[in-house]
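Letter by letter, the chains look like this.
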Amino acid sequence: MAGLWQQLLPLQQGRALLLLPFICLFYPPSSAIPWDSKASPLPLKGFEVVKGHFSRTFLRVGYHKITEIPAGACNISIQETIKSRNYLALQTQSGVSIINGNWVIDRPGIFTVVGTELTYKRPNEIRSRNGESITSPGPLSEDLHVYIIYQQPGPRVYYEYIVPLQSTTPTPEQTTPATILPLAETVGPTQPGEKEHQGEVTNNDIIKEKPHPNQIPPEPSVKPQPTYTWTNSGRTECSTTCGTGRRQVLWECVEKDSQTTVPADLCDPALEPKNKGEECNMQSCPAYFDLGEWSECSRRCGPGTQHRQVICSQVTHVHANGTETSVTAAQELCGTSDRPVTKSTCQLKICSQWEIRSEWSSCSVPCGVGQRSREVVCVSNQGEVEEDEECNMNLRPDTLQNCDMGACARSWFTSLWSQRCSTECGQGNQTRTTVCLMDHVTDLPLDSCEGERPAEFKSCDSGPCKNSLEWYTGPWGQCSAECGNGTQSRSVACIFNDDGRMEVVDQFKCSSLSQPITAQPCRLKPCGVQWYVTEWSVCSRSCNTGYRVREVRCLADNISPSDRCDPTLTPESREECNKHPCVAEINPSCSDQYHNCVVVVQARLCVYPYYRSVCCASCSRSLKTYPNSFQRNHIRR
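Everything numeric in this text was worked out from a predicted model, so none of it was measured. (Residues numbered from 1 in each chain as written. Predicted model: local features only at pLDDT ≥ 70, side-chain atom pairs only at ≥ 80, totals over all residues. Heavy atoms only, no water.)

**Some details on the overall build of the protein**
Defined as follows: A helix here means a DSSP run of H or I that spans at least four residues, while a strand means a run of E at least two residues long, and both kinds are numbered starting from the N terminus. Relative accessible area decides the class of each residue, using a 1.4 Å probe on protein chains only: under 20% of the type maximum gives buried, over 50% gives exposed, and in between gives partly exposed. The protein chains shown are the only cover counted for residues, whose accessible areas, like all others here, come from Shrake-Rupley with a 1.4 Å probe.
Helix and strand counts for the protein stand at eight helices and 38 strands. Among the 637 residues that make up the protein, the fraction classed as buried is 34%. Summed over its atoms, the accessible surface of the protein is roughly 38,800 Å², and 51% of this surface lies on carbon and sulfur atoms.

**As for the side chain of Gln-488**
The following threshold applies: What qualifies as a polar contact is a pair of N or O atoms within 3.5 Å, subject to a donor-acceptor requirement within protein and to the restriction that residues adjacent in sequence count only when both atoms come from side chains. Contact definition: two residues touch when any of their heavy atoms are within 4.5 Å.
When you line up the elements, Gln-488 lands in strand β30 (residues 485–489). One polar contact links the side chain of Gln-488 to the main-chain carbonyl oxygen of Gly-477, over a distance of 3.0 Å. In this structure the side chain of Gln-488 is engaged in a polar contact, spanning 2.8 Å, whose partner is the side chain of Gln-520. Discounting residues that sit within four places of it in the chain, Gln-488 has contacts with Ser-422, Trp-476, Gly-477, Gln-478, Cys-479, Thr-518, Ala-519, Gln-520 and Cys-522.

**Digging into the sheet that holds strand β22 (residues 376–379)**
Going by this rule: Any two strands with at least two DSSP-identified bridges between them are counted as paired.
Overall, antiparallel pairing links the three strands, which are arranged β20-β22-β23 in an open sheet. The open sheet has two edge strands with one neighbour each: β20 (353–356) and β23 (385–386). Of the strand pairs in this sheet, β22 and β23 are connected by two bridges, and their pairing is antiparallel. Note on β23: the bridge partner recorded for Cys-378 is Glu-386.

**A look at the nonpolar core**
Note the cut-off: In this description, a nonpolar core means a group of buried Ala, Val, Leu, Ile, Met, Phe, Trp, Tyr and Cys residues linked to one another through side-chain atoms lying within 4.5 Å.
In this structure, Ile-69, Ile-78, Leu-90, Leu-144 and Tyr-161 are the most contacted members of the largest nonpolar core, which totals 28 residues. Contributions of two or more residues to this core are made by β1 (47–55), β2 (62–69), β3 (74–80), β4 (87–92), β5 (97–99), β7 (116–121), β9 (144–150) and β10 (156–164). For this core, the leading source of residues is β9, giving five residues. Not counting residues within four places of it along the chain, the set of residues in contact with Ile-69 comprises Ile-76, Ile-78, Leu-140, Asp-143, Leu-144, Val-146 and Tyr-161.

**Concerning the packing of aromatic side chains**
To keep it simple, the criterion reads: Here the aromatic set is Phe, Tyr and Trp, taking the six-membered ring for Trp, and pairing holds for ring centres within 6.5 Å; pairs whose planes are under 30 degrees apart are stacked, those over 60 apart are edge-to-face, and all others are tilted. Should the NZ of a Lys or the CZ of an Arg lie within 6 Å of a ring centre and within 35 degrees of the ring normal, that charge is described as sitting over the ring.
Enumeration over the complete set of coordinates arrives at three aromatic pairs. Ring centres 6.5 Å apart and planes at 75° place the aromatic pair Tyr-63 and Tyr-147 in the edge-to-face group. Pair noted here: Tyr-63 is in strand β2 and Tyr-147 is in strand β9, with a separation of 84 residues, a long-range link. Linked through ring pairs, Tyr-63, Trp-103 and Tyr-147 together constitute an aromatic cluster. In this structure, Arg-574 is placed above the aromatic ring of Tyr-547, and the distance from its NZ or CZ to the ring centre is 3.7 Å.

**Brief notes about the sheet that holds β2**
Condition: All axes here are fitted lines through C-alpha atoms, helices being fitted over the stretch that makes contact, and every angle between N-to-C directions spans 0 to 180 degrees.
Judged by pairing direction, the sheet is antiparallel, and its four strands sit side by side in the order β2-β9-β4-β5 without closing on themselves. Strands at the two margins of the open sheet, each flanked by one partner only, are β2 and β5. Across this sheet, the average inter-strand angle for adjacent strands is 30°, counted without regard to direction.

**Structural notes on the state of the cysteines**
We count it as follows: When the sulfur atoms of two cysteines come within 2.5 Å, that pair is taken as a disulfide.
Inspection of every chain in the model, using the stated rule, returns 15 disulfides. In this model Cys-253 forms its disulfide with Cys-267; the gap between the sulfur atoms is 1.8 Å. Between Cys-253 and Cys-267 the disulfide shows an S-S torsion of about 90°. By sign, it is right-handed. Here Cys-267 lies in the loop between β13 (245–255) and β14 (277–280) and Cys-253 lies in strand β13, a separation of 14 residues in the sequence. Here the two residues Cys-253 and Cys-267 agree in accessibility, since each one is buried.

Written out as structure tokens, the structure reads:
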């Protein structure tokens, strides 16, 4: 590998850029073990290391830019130095989101974009103190913008990458392999025994490390042969600020007299110190609250709750590979006043709601008990119809409901007779409306009802009319019904006209002429609700005052039941009938042979021939008084 680097060094800057993808494979980031002249090759001239720290105490919640990494950058490392609830995000220069863009948090993994692979890691272990990281070998094919999604105070991010320098004209010193020196010392906090560096890295400062100026060894012919020795050049930053970490002791090869740094291969490798690691910061770390991941929200929609585990922990040792050993500490060491919450409210989305889309439909039947329906749908907060399961089924409004349209009629119904005659004089007609109601169907054909259809017209006489000559028609008379269907009529006359002298003659003299119509149907207005009645039933008794009944209903224009009729005009539904006394036909041969024949009649035993003969008089009187009852009992028995 060292021979490969020696071949690459004489190349000009422009040619070195063509080998950038290959060079990126061999140049490690500064987080690795420091360069060793024997273990690793020296960095190529014409490249520089860019490092930076980003830290803020408070920011607005949202995206904040950390830095821009230019195209061609290699060995990219972006690392949260403290575990937090913040997230790293990447975006191309053209605005295309790569990782955690548009408020969508991606899963950790490998993303192949901008000519390279980006590895995104997010430790989930509750005891881990490592934050998120994004690494890439590079090189990048276009600029990358690095952001942090701020959600928790005190974000801290460290980033590092290498980029090629601007093209320069090569010098003899640049083409001399033996004069290439290692990179400048790593910037970090000063430790005892280390050299003190100028400046301080704060907030989002960037450090660019460039190769040292080339040193030319003195000519052997001018000066005596120099001697070289290993000397301590400092120490790396401790792997932890507390809890016993590790750091590396750095050694470099120098000219013994001038203490000038020279390439490592000038020193004797056998004399290079072997112990390059030591423990540091052995004081105990302060206890801290170790936060677990939030659980899923307790509800799929609407306000819910989520929980997380909060443990008081303390780091006891930080290992060389970056892992930590920590133990659970007493809650008092972390303090109780600043203990993070373990329960939080959450809401994934607004719950869908039930929406009634229509009014109740008409009842499924015109009379009796039926059902009516309406449309109910589940609607999201965006107004879109969703599956019913997305809404609370316990709160779903009814879509079906029973409806009672009243008892169904099963016979003829007629309105009351009109109060007016259809003619002003002579013979006319009075009318009424007849409807047939049966089961759950209204306005059946008139031949569907049982029994004879009641008459809808009857004649009436409005008095004599004056005669006239020829066929002359009078004006139409009044409608026979004040509302609903009726008829109206007019008078016609055969009139003989002799030069203005008119004389009424018999109508048969006009029989050769077409006689005008004298009646036509009429309808002034809908009747609205009105009383309808059936025909009277048969009288309950043939003598000695019985009674008969009929059905009375209040119906609207569409023959549907109504309760808006005038109750003071309700027709009688029961009346007395056959009020004449019963006349017993006395047959001398028909007499009662027992004194208690009244009991035979009460027990309805007259249907048997024996009782009719021994209680002939009582059974005969019972037959005349209750003929229907006797007939029914006789048939039943």
